[in-house]
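# Descriptive analysis of the structure
The primary structure of each chain is shown beneath.
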Amino acid sequence: MKRWNGWGEINTVYPLPPTAGIFLEERIGRCVTPGDVTLEESVKKVPPSRLPDHPLVSRDPENRLRHSAGQSLGDWIRLRSGTVATYPDGVACPETSEDVREVLKYAENTGARVIPYGGGTSVVGHLSAPSGDRPVVTVDMGRMNRLVRMDGKGCLATFQAGVRGPDLEAALRAEGYTLGHFPQSFEYSTLGGWVATRSAGQFSLGYGRIERLFAGGSVETPVGRLDLPVFPASAAGPDLKEVVMGSEGRLGIITDAAVKISPLPGEEIFNAAFFPDTEQGIASVREMARASLPLTMIRLSLPEETTTNLTLAGHSRALELLRRWLAFKGVGEGKCMLIYGAVGSRKKVRWALNQAVEIIKAHRGAPVGARPGREWMKNRFRAPYLRNTLWERGYAVDTLETALTWKHLPGAVQSIEAALKNGLSEIGEKVFVFTHLSHVYLHGSSIYVTYLYRVAPDPAETLRRWRVLKGAASEAIVRSKGTISHQHGVGEDHLPYLKAEKGDLGMKIIGGLCSALDPGGMMNPGKLTR
Ligand SMILES: Cc1cc2nc3c(=O)[nH]c(=O)nc-3n(C[C@H](O)[C@H](O)[C@H](O)COP(=O)(O)OP(=O)(O)OC[C@H]3O[C@@H](n4cnc5c(N)ncnc54)[C@H](O)[C@@H]3O)c2cc1C
């Protein structure tokens, strides 16, 4: 069963090695396990539903609680402390496009607001019910999870939009194909959610972000159905797929999506290398991007993240041997770890990895083979479970991300990290911060920042600390000329910063699209636009 106030399945636990506890205590201080409220206590706080009966809509309080939030740190704090302010009045579970239309009609008749809900993995406040007099119905797409059409020869497959990552990949793999889209939230996130948030998977360097993979589909909007036919390319005016991607449930409900698929690769190899410092590491991945190597993934952990990952991995004896060997190679304190990989035919993979090694060596890097890459592959969807363990130890964990041109990247890392590190200094609290580059492009890269701080005895104070830190980091991103989101989207949490990159006219265009497809302001209000 899925946790109602944390990440993942209840029975999956990611324990911390003993050395990690000491490591974190040294950096942030000693913590106290927070006293979380129970599910029963939380269910009692759910107010009566304001919606009338409907066969597609559940008004069960526990179901409404479970759909009241996503996975942002703010969502976690509110769920774990029993301070969720608003709940959907009902949860609809459609199985077909006709059901979706029926739910939209029901919402129109009852004056309800509608929140499309994929896997509930949003980390930027996409899913919270707006306050106000109008009731709210959340539309859980989980039952719309079928493979609708498979065209292997044409490298296309069409799914209902509520299909989760593992089910989508299993259906494709059975036919010898893959989508190649693996966000870290893969276990729960859905195809519709990926499109609606412009998601980027871990192998985006090879397969592309969802923008490259989404080929067409259908959207049920309050004013009718929008069909997006599949063409290999088209010059027929603006591409309406672009409007739907990143629409965050504001324009309607994506009911099915066609995606570009690839034959399953013969070989997948993920290797690691270490660089003596950040400058050499960044110069090396930038050169790999310039050389257009057919790599599938490049992930460069900066020094603090490298140390943290190695410590959290345990294996102290093996790590000591690695440390000595790297020191002998001239890679000591301040080192950066790179994981890079390629998938495809044996010949292509070997060629790509050999080219990468040449670039690594030219930047004084030390390739160390496949073991760290294999570990990373093994744990890549398990890592989010660490958030549960850390919370239970009294540490709040959050992540944020942006993308910048190469010119602005080093300055941005410094200023975002400084904003977080100093964010709680006036109350004498330490914030532990580390960063990696994960999606590398010809013109720049994404940066992904993780920060940890102590949970306060009072949940309101834990929430205040999060708001202070998130605000400081978001402002630093905007000041540093980064986008407010490379992959998580806008939601409520990033909305105050959107205008800085879209401008007045851009915001007007987005608002105009929303009014055209949703004149009654029914769809997911408060997200993407006010
Ligand atoms: C641990 C963790 C790791 C993550 N890693 C990544 C990552 O590697 N890459 C990445 O891109 N993101 C990542 N995310 C963020 C999140 O998983 C993505 O934003 C994902 O695309 C959301 O998909 P979902 O199905 O869970 O959508 P939800 O969270 O349910 O919804 C997100 C938004 O999309 C809308 N929506 C959902 N389905 C539909 C639909 N069918 N029609 C219209 N609107 C819809 C919702 O209304 C909402 O506004 C991560 C999140 C977590 C918690």
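Up top you'll find the structure we're talking about.
Residues numbered from 1 in each chain as written. Predicted model: local features only at pLDDT ≥ 70, side-chain atom pairs only at ≥ 80, totals over all residues. Heavy atoms only, no water.

## Thoughts on the sheet that holds strand 1 (residues 57-58)
A sheet is described by the order of its strands in space; here four strands give the open sequence 1-2-4-3, paired in mixed fashion. Bordering the open sheet on either side are strand 1 and strand 3 (113-117), each of which pairs with just one other strand. Note: strand 2 (residues 90-92) against strand 4 (residues 136-140), three bridges, orientation parallel. Of the residues in strand 4, the one forming a bridge with Ala-92 is Val-139. (Pairing = 2+ DSSP bridges. Helix = DSSP H or I, 4+ residues; strand = E, 2+ residues; numbered from the N terminus.)

## Details of the sheet that holds strand 16 (residues 395-405)
Two pairing modes exist for strands in a sheet, parallel and antiparallel, and in both the strands are linked by backbone hydrogen bonds. Strand order in the open sheet formed by seven strands is 15-12-14-13-17-18-16, with antiparallel pairing between adjacent strands. Pairing within the sheet leaves two strands with one partner each, and these edge strands are strand 15 (366-369) and strand 16. Strand-to-strand, the axes of this sheet are offset by a mean angle of 20°, without reference to chain direction. Alignment of strand 16 against strand 18 (residues 444-454), held across 11 bridges, turns out to be antiparallel. (Axes fitted to C-alpha atoms, helices over the stretch in contact; angles between N-to-C directions.)

## Let's talk about the nonpolar core
Leu-295, Ile-416 and Tyr-453 are the most contacted members of the largest nonpolar core, which totals 78 residues. Contacts of Leu-295, omitting those with residues within four sequence positions, involve Leu-205, Gly-206, Met-288, Tyr-340, Gly-341, Ala-342, Ala-352, Leu-353 and Ala-356. Judged by nonpolar contacts, the second largest core, of 57 residues, contains Val-219, Ile-254, Val-331 and Met-337. (Core = buried A, V, L, I, M, F, W, Y, C linked by side-chain atoms within 4.5 Å. Buried < 20%, exposed > 50% of the residue type's maximum accessible area, 1.4 Å probe, protein only. Contact = heavy atoms within 4.5 Å.)

## Topic: the pattern of salt bridges
With the rule as written, the count across this model stands at 30 salt bridges. Residues Arg-50 and Asp-89 are paired through a salt bridge, measuring 2.9 Å at the closest nitrogen-oxygen approach. Of this pair, Arg-50 sits in the loop between helix 2 (39-44) and strand 1 while Asp-89 sits in the loop between helix 4 (73-81) and strand 2, and the two are 39 residues apart along the sequence. Taking the relative accessible area as the measure of exposure, Arg-50 reaches 42% and is therefore partly exposed. For Asp-89, a relative accessible area of 3% translates into the label buried. Note that Glu-429 is salt-bridged to Arg-454, the shortest N-O span being 3.0 Å. Of the two residues, Glu-429 is situated in the loop between helix 17 (409-421) and strand 17 (432-440) and Arg-454 in strand 18; the sequence distance between them amounts to 25 residues. The exposure class of Glu-429 is buried, given its relative accessible area of 12%. (Salt bridge = Lys/Arg side-chain N within 4 Å of Asp/Glu carboxyl O.)

## Quick look at the pairing of strand 6 (residues 156-160)
With four of five residues buried, strand 6 lies mostly within the body of the structure. In this sheet, strand 6 lies alongside strand 5 (residues 147-151) in antiparallel orientation, the contact comprising four bridges. Of the residues in strand 6, the one forming a bridge with Asp-151 is Leu-156. Taken together, strand 5 and the strand that follows it, strand 6, pair antiparallel across an intervening segment of four residues, in which Cys-155 is found at a positive phi of about 55°.

## A closer look at the site of the ligand
Close to the ligand lie 35 residues, the nearest being Pro-116, Gly-118, Thr-121, Ser-185 and Thr-190. Gly-193 is positioned such that a nitrogen or oxygen atom in its backbone is 3.3 Å from an oxygen atom of the ligand. For the ligand, a nitrogen atom lies 2.8 Å from a polar atom in the backbone of Ala-200. Burial of the ligand by the protein chains amounts to 98% of its free accessible area of 970 Å². Broken down by secondary-structure element, the contributors of at least two residues to the shell around the ligand are strand 3, helix 7 (191-197) and strand 10 (253-260). (Near = heavy atom within 4 Å. Polar contact = N/O pair within 3.5 Å; in protein donor to acceptor, adjacent residues only side chain to side chain. Areas by Shrake-Rupley, 256 points an atom, 1.4 Å probe, with all protein chains shown as cover.)

## Brief notes about the environment of Gly-118
Along the chain, the position of Gly-118 falls in the loop between strand 3 and strand 4. Excluding residues within four positions of it along the chain, Gly-118 makes contact with Asp-140 and Thr-190.

## What about the environment of Leu-172?
For Leu-172, the location among the structural elements is in helix 6 (residues 165-173). A C-alpha to C-alpha distance of 31 Å links Leu-172 and Asn-524, two positions 352 residues apart in sequence. Apart from residues lying up to four places away in sequence, Leu-172 is in contact with Met-150, Ala-157, Phe-159, Tyr-177, Thr-178, Leu-179 and Ile-261.

## So, unusual backbone geometry
A negative phi angle is the norm for most residues apart from glycine, just as the trans form is the norm for most peptide bonds. One non-glycine residue, Arg-198, lies in positive phi territory at about 55°. Tracing the sequence through the fold places Arg-198 in the loop between helix 7 and helix 8 (204-207).

## Examining the packing of aromatic side chains
All told, the structure shown has 10 aromatic pairs when counted by the stated rule. Their ring planes at 45° and their centres at 6.2 Å tell us that Phe-270 and Trp-376 sit as a pair that is tilted. In this pair, Phe-270 is assigned in strand 12 (residues 267-275) and Trp-376 in helix 15 (residues 371-379), connecting sequence segments 106 residues apart. Considered together, Phe-270 and Trp-376 belong to a single accessibility category, that of buried residues. Clustering of aromatic rings is evident, with ring pairs tying together Phe-182, Phe-186, Phe-203, Phe-270, Trp-376 and Phe-381. Above the ring of Phe-182, the side-chain terminus of Arg-380 is found at 5.0 Å from the ring centroid. (Phe/Tyr/Trp six-rings, centres within 6.5 Å; stacked < 30°, edge-to-face > 60°. Lys NZ or Arg CZ within 6 Å of the ring centre and 35° of its normal.)

## Digging into helix 11 (residues 278-290)
With 13 residues, helix 11 ought to run about 18 Å at 1.5 Å a step, and its terminal C-alpha atoms sit 18 Å apart, in line with that. The complete set of buried residues in helix 11 reads Thr-278, Gln-280, Gly-281, Ile-282, Ala-283, Ser-284, Val-285, Met-288 and Ala-289. The opening residue of helix 11, the one whose side-chain oxygen lies 3.3 Å from the backbone nitrogen of Glu-279, is Asp-277. (Expected span 1.5 Å × (residues − 1).)

## Concerning the packing of helix 1 (residues 18-28) against helix 12 (residues 303-312)
At their nearest, the axes of helix 1 and helix 12 sit 8 Å apart, and the two run at 145° to each other. Contact residues: helix 1 offers Thr-19, Ala-20, Phe-23 and Arg-27, while helix 12 offers Glu-304, Thr-307, Thr-308, Thr-311 and Leu-312.

## With respect to the pairing of strand 12
Summarising burial for strand 12: eight of the nine residues are buried, a large majority. Bridge count for strand 12 against strand 15 is three bridges, and the pairing is antiparallel. Its bridge partner lying in strand 15, Ala-272 is registered against Gly-369.

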